Amino acid sequence: MASREDVTSREQAKEELMEEKYLLRTLMDNLPDCIYFKDRQGRFLRISRAHAEVLGLGTPDQAVGKTDLDFYPTEQAEEFHNAEQEVTTTGKPMIAKEERQTWPDGRVTWFSTTKMPLRDANGNIIGTFGVSRDITERKQTEAELMAERHLLRTLMDNLPDVIYFKDLASRFTHINRALARSFGLDDPAQAVGKSDFDFFTGEHAQQAFADEQEIIRTGQAMLGKEEKETWPDGHVTWASTTKMPLRDSNGKIIGTFGVSRGITRRKQAEEELRNAKEAAEAANRAKSDFLAMMSHEIRTPMNGIIGMTELALDTPLSPEQRGFLNSVKESADTLLTLINDILDFSKIEAGKLSLDVGEFDLQDLISNTMRALAPRGDEKGLELTWETPPDFPPRLAGDPGRLRQVLVNLVGNAIKFTERGEVDLRVEIDSQGEDRVTLHFCVTDTGIGIPQEKQQQIFDPFVQADSSTTRKYGGTGLGLAISTRLVKLMEGRIWLESERNQGSRFHFTAKFGIAKELQPQLAPAAKVILRGTPVLVVDDNATNRRILEAMLKGWSMEPTLAEGGKECLVALQRARELGKPFPLVLLDAHMPDMDGFMVAERYQQDRTLAGSAVMMLTSAGHRGDASRCRELGISAYLVKPIRRSELLEGILLVLGKPSQKGDRHELVTRHTIREARRKLRVLVAEDSVINRELAMRLLQKQGHTILTATTGVEAVERWEKDAEGFNIILMDVQMPDMDGFQATAMIREKEKISGKHIPIIAMTAYAMAGDRERCLAAGMDAYVSKPIRHQELFETIQALVMDVPNISKKVPVEELPKEVLDEALLMSRVDNDAQLLKDLVDLFLTECPRLLDEIRAGLDKKEAKTAERGAQLRGAAANLAAKSTSEAALKVERLAAAGDLAQTESGLQELEYELERLKPALLAVQVGAEKEQI
Ligand code: ADP
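Here the structure is a predicted model, which is why all the values come from computation and not from measurement.

Engineer: Which parts of the structure should I look at to understand the packing of helix H10 (residues 400–416) against helix H12 (residues 479–489)?
Structural biologist: Two quantities define a packed helix pair, namely the angle between the axes and the distance from one axis to the other. Their axes nearest at 10 Å, the elements H10 and H12 cross at an angle of 145°. Where H10 crosses over H12, the handedness of that crossing is left-handed. Residues Arg402, Gln405, Val406, Asn409, Leu410 and Asn413 of H10 form the contact with H12, whose participating residues are Gly479, Leu480, Ile482, Ser483, Leu486 and Val487. Split into classes, the residues belonging to the contact of H10 with H12 amount to six nonpolar, five polar and one charged.

Okay, here's the thing in structure tokens:
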């Protein structure tokens, strides 16, 4: 019988069992994991509710007695079974094995499964039990991660660009294979913990480190920076690098990462390209410099040839000599044109041709150009005609030199290729805007014409329509190529119409600005006289009226226009009645009905009209005109075409004259204008003997007084010390010691104190663009290019120093001390022969500078010929009765012979001083002697 205690304990045991069962059920019913118990044959004994759900059963007990074969595909079931067999036979558990489960519907799930041997109370293994957790989701995430990793790896291992990740201290945490390779590492992992300092030179590593620290500090990425990488073995590579801050999942910066792409090849190519470009540019510069230099070198002697020939042509010559010299001049001019062409063409090639824009008067330009070409036409008996539109903008803004060049080329060609007939230049307004005008130029000839098939080609360089005619006509074939380019620069085009043997017609258009303000540089006194002065212009030709009107307005005068004699008298009458008579009348001599002289007669008879000064303008001078003018009380008589400067000077002469009462007044003509030009004191600074001499002689012919300097230093000194004060300086830009630019700058600096301004004209042989700007920037007022053409030089000087000429006041001739030049003695020596005197003086003036130069050059070398040259000079001066010069030369001669260098130098200066005094004196005597003879 069971004791009470037994009962109690049984009861207790039963209760405990119940409780355990309850706990187990709770477990089996609620745990989300699959729990199972199986016998040795793999038959389910019991499964959890979650497991039943996984197996697709309504309740867990439906699984009892079934095996995996009932739920899974055979293969899968067998796999499970084998695993369980292993556990039952070995007794070893299978822990957390990740099992892939394939379901009949193809679905795949993953479980983490633990299987344990199931033992009876005696410890015999009677089956298995286990827990499986669904880890499909985790598995998927892992797989995705794996895939991403794989992609990353692929990227890191195969990309040719280098990739790195670094920590906050710029130590590598990851690098890709490409970077490992360039570091010389087998495995990217070997770089971990190292930094740029371990692989690159300090220079590069330092920069990279600084960049990365900046990125870490600011959080700002560095994009596509081109980095120069220097390696310890000295080789250099280039990379384009992008670096970014590396952030953790919270966004905190934990380092940097970056990608670099090698651009060494590209950089090398760039560098090669740059080097090539620099080399090409240097070569080009060298070429330009060479051209500039050559042009200088060639122009300087050309200057001498042309200038001296021009001077020689002004002297009395036998017809034969004149013929020779004319040929010399012609050849020299041709040569100069050729040089200019070649220089221009090179500039075109170098893309350096540019326009030098200034204001100019088209009428002037055309008439000057045509007049210059007229002799060429005359020679062949061709008639040269030109016409410009009447309603023409007074002044244009453009490059007059280049326009002239195109015209000279086209008209020159027309003359060259025409044997009979005429050459005509016509200008029309193509279109006109507010401040721009397009002109259409047309050059027509009656010459050989150009066959159709050549018409396009001749605009190419070096092409001539018929190369067999080259010899006959000469030329380079560059003219039209240059003209084409120039026209293009002037925003126009060039074309032609032509027929063989019927002549040619070349057209071109060009755009110009219309100059608003007329700004002839007038001296202040001239301005006062001209401003607001009424002037009556009488001419039947509308074009002429317009031209005169434009010129007069340009000087701020107030022109009134009249079409003929009658209108003139009416206008004069009316002005008188209004109490505002015209101080000046410009009267055309040739008019229908009532010509200029008739008007003047009427005018003279009618006392009420008197009071105006009349300037008669005529297109053809007739014998006796001048005396008729005098009789009629006309103030000036000028032959058309009249240069602007001439008209201005004429007007100033007429208006500036004190009114003459009854006495026979002087008639202003082209000649008196020239005579009345202001006599200037000019400093010519020029190192080349020939050029100095030429400039001097040209200016002396105008009656100016010339002093010279051979270096910039000397020029400044002379200018400073000159007591009388120079009126103008001609300054060569290239001189030893101190060039013209520096000298000018120095003078301008010193003038700041005195407040004065001496006009300085630059003389340059360079013909490169930008020269003008350089001259003006240096403080020069104007610019003439070599070879110096006297017309250009005079006009430039006139414009700068124009003053009211004072015809009544004779320029005082200084009494010269006898020692400088004994005029009487000299004249008796040459037997009062002006020609002989002139020849002697010319010779002396040419020889002197050369001798002086040789003395100077010989001095340093202690050459015997130094003394000899001194003796020559002494002799020459003595011949000319120039005592002080000859004495100074004697001194130099002696000192040089004695070898006293320092003393000779000062003697030489004395000699130069004497020569400067002698030159004007000689010229004065020369001029005087010539006048005597006439
Ligand atoms: P160049 O006159 O120095 O030979 P250009 O370029 O000025 O060079 O002219 C090229 C060629 O065009 C000339 O050689 C000539 O054959 C032809 N040409 C130019 N103008 C005329 C013209 N007015 N009449 C006939 N042929 C011309």
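Engineer: What is the right way to read the pattern of salt bridges from this model?
Structural biologist: Pairing is possible between side chains that carry opposite charge, provided their charged atoms lie close to one another. Within this structure, the stated rule accounts for 42 salt bridges. With a closest N to O distance of 2.3 Å, Arg266 and Glu226 form a salt bridge. Of this pair, Arg266 sits in helix H7 (residues 264–313) while Glu226 sits in strand E8 (residues 222–230); the two residues are 40 residues apart in sequence, bridging distant segments of the chain. Residue class for Glu226 comes out partly exposed when judged on its relative accessible area of 34%. A salt bridge links Arg436 to Glu491; the nearest nitrogen and oxygen atoms lie 3.0 Å apart. With Arg436 in strand E15 (residues 436–445) and Glu491 in the loop between H12 and strand E16 (494–499), the pair connects residues that are 55 residues apart, well separated along the chain. Residue Arg436 is classed as partly exposed on the basis of its relative accessible area, which comes to 34%. Within the structure, one salt-bridge network assembled from shared partners comprises Lys38, Asp68, Glu84 and Lys115.

Engineer: Just to check I follow, could you spell out the site of the ligand for this structure?
Structural biologist: Surveying the vicinity of the ligand reveals 21 residues, the closest of which are Asn413, Asp445, Gln464, Ala465 and Leu480. Here Asp445 contributes a side-chain N or O atom positioned 2.8 Å from a nitrogen atom of the ligand. A distance of 3.4 Å is found between a nitrogen atom of the ligand and a side-chain nitrogen or oxygen belonging to Ser504. The protein chains hide 97% of the 530 Å² of surface that the ligand would expose on its own.

Engineer: Honestly, the side chain of Lys139 in this entry has me stumped. Any pointers?
Structural biologist: Structurally, the position occupied by Lys139 is in helix H4 (residues 136–158). Using a relative accessible area of 18% as the deciding quantity, one classes Lys139 as buried. A distance of 2.8 Å separates polar atoms of two side chains, one belonging to Lys139 and the other to Glu98. Apart from the residues within four sequence positions on either side, Lys139 is in contact with Glu98 and Trp110.

Engineer: Teacher, can you tell me more about the sheet that holds strand E26 (residues 760–764) here?
Structural biologist: Pairing is parallel across the open sheet formed by five strands, whose spatial order is E24-E23-E25-E26-E27. Every interior strand has two partners, whereas the edge strands, strand E24 (705–709) and strand E27 (782–785), have only one. Along the sheet, successive strands turn relative to each other by an average axial angle of 20°, direction set aside. The sheet contact formed by strand E23 (residues 681–685) and strand E25 (residues 728–732) spans four bridges and is parallel. Paired with Val682 across the bridge in E25 is Ile728. Contacts from helix H21 (residues 712–721) reach E23, E24 and E25 within the one sheet, and its direction differs from that of E24 by about 135°. Across the sheet, helix H24 (residues 790–801) is in contact with E25, E26 and E27; its angle to E27 comes to roughly 175°.

Engineer: What am I meant to see in the packing of aromatic side chains here?
Structural biologist: Note on aromatic pairs: each is described by the distance of the centres and the angle between the planes. On inspection of all chains with the given rule, the structure shows 16 aromatic pairs. Seen from their ring centres, Phe441 and Phe508 are 4.6 Å apart, and the 5° between their planes marks the pair as stacked. With Phe441 in strand E15 and Phe508 in strand E17 (residues 503–514), this pair connects stretches of sequence that are 67 residues apart. Of the two residues, Phe441 and Phe508, neither departs from the other in class, the shared state being buried. The ring of Tyr164 is capped by Lys166, whose NZ or CZ atom sits 4.6 Å from the centre of that ring. A cation over an aromatic ring shows up here: Arg681 above the ring of Phe726, its NZ or CZ 5.4 Å from the ring centre.

Engineer: Would you explain the environment of Phe459 in this entry?
Structural biologist: Its place among the elements puts Phe459 in the loop between E15 and helix H11 (470–473). Not counting the four nearest positions on each side in its chain, Phe459 is found in contact with Leu480, Ala481, Thr484, Ile494, Trp495, Leu496 and Phe506.

Engineer: What is the right way to read the side chain of Ser112 from this model?
Structural biologist: Looking at the secondary structure, you find Ser112 in strand E4 (residues 108–119). Aside from chain neighbours lying at most four places away, what touches Ser112 is Ala96, Lys97, Glu98, Val131, Ser132, Arg133 and Ile135.

Engineer: Which parts of the structure should I look at to understand the packing of helix H15 (residues 565–577) against helix H16 (residues 596–605)?
Structural biologist: For the pair H15 and H16, interaxial distance at closest approach is 9 Å and the crossing angle is 30°. Between H15 and H16, the angle falls in the class roughly parallel. As for the relative orientation of H15 and H16, their crossing is right-handed in sense. Contact residues: H15 offers Gly565, Cys568, Leu569 and Leu572, while H16 offers Val599, Arg602 and Tyr603. Its residues placed into classes, the contact of H15 with H16 shows five nonpolar, one polar and one charged.

Rules of the game
Residues numbered from 1 in each chain as written. Predicted model: local features only at pLDDT ≥ 70, side-chain atom pairs only at ≥ 80, totals over all residues. Heavy atoms only, no water. Axes fitted to C-alpha atoms, helices over the stretch in contact; angles between N-to-C directions. Helix = DSSP H or I, 4+ residues; strand = E, 2+ residues; numbered from the N terminus. Left-handed = near helix turned anticlockwise from the far one by under 90°. Contact = heavy atoms within 4.5 Å. Nonpolar A, V, L, I, M, F, W, Y, C, P; charged D, E, K, R; others polar. Salt bridge = Lys/Arg side-chain N within 4 Å of Asp/Glu carboxyl O. Buried < 20%, exposed > 50% of the residue type's maximum accessible area, 1.4 Å probe, protein only. Near = heavy atom within 4 Å. Polar contact = N/O pair within 3.5 Å; in protein donor to acceptor, adjacent residues only side chain to side chain. Areas by Shrake-Rupley, 256 points an atom, 1.4 Å probe, with all protein chains shown as cover. Pairing = 2+ DSSP bridges. Phe/Tyr/Trp six-rings, centres within 6.5 Å; stacked < 30°, edge-to-face > 60°. Lys NZ or Arg CZ within 6 Å of the ring centre and 35° of its normal. Parallel < 35°, antiparallel > 145°, perpendicular 65-115°, else oblique.

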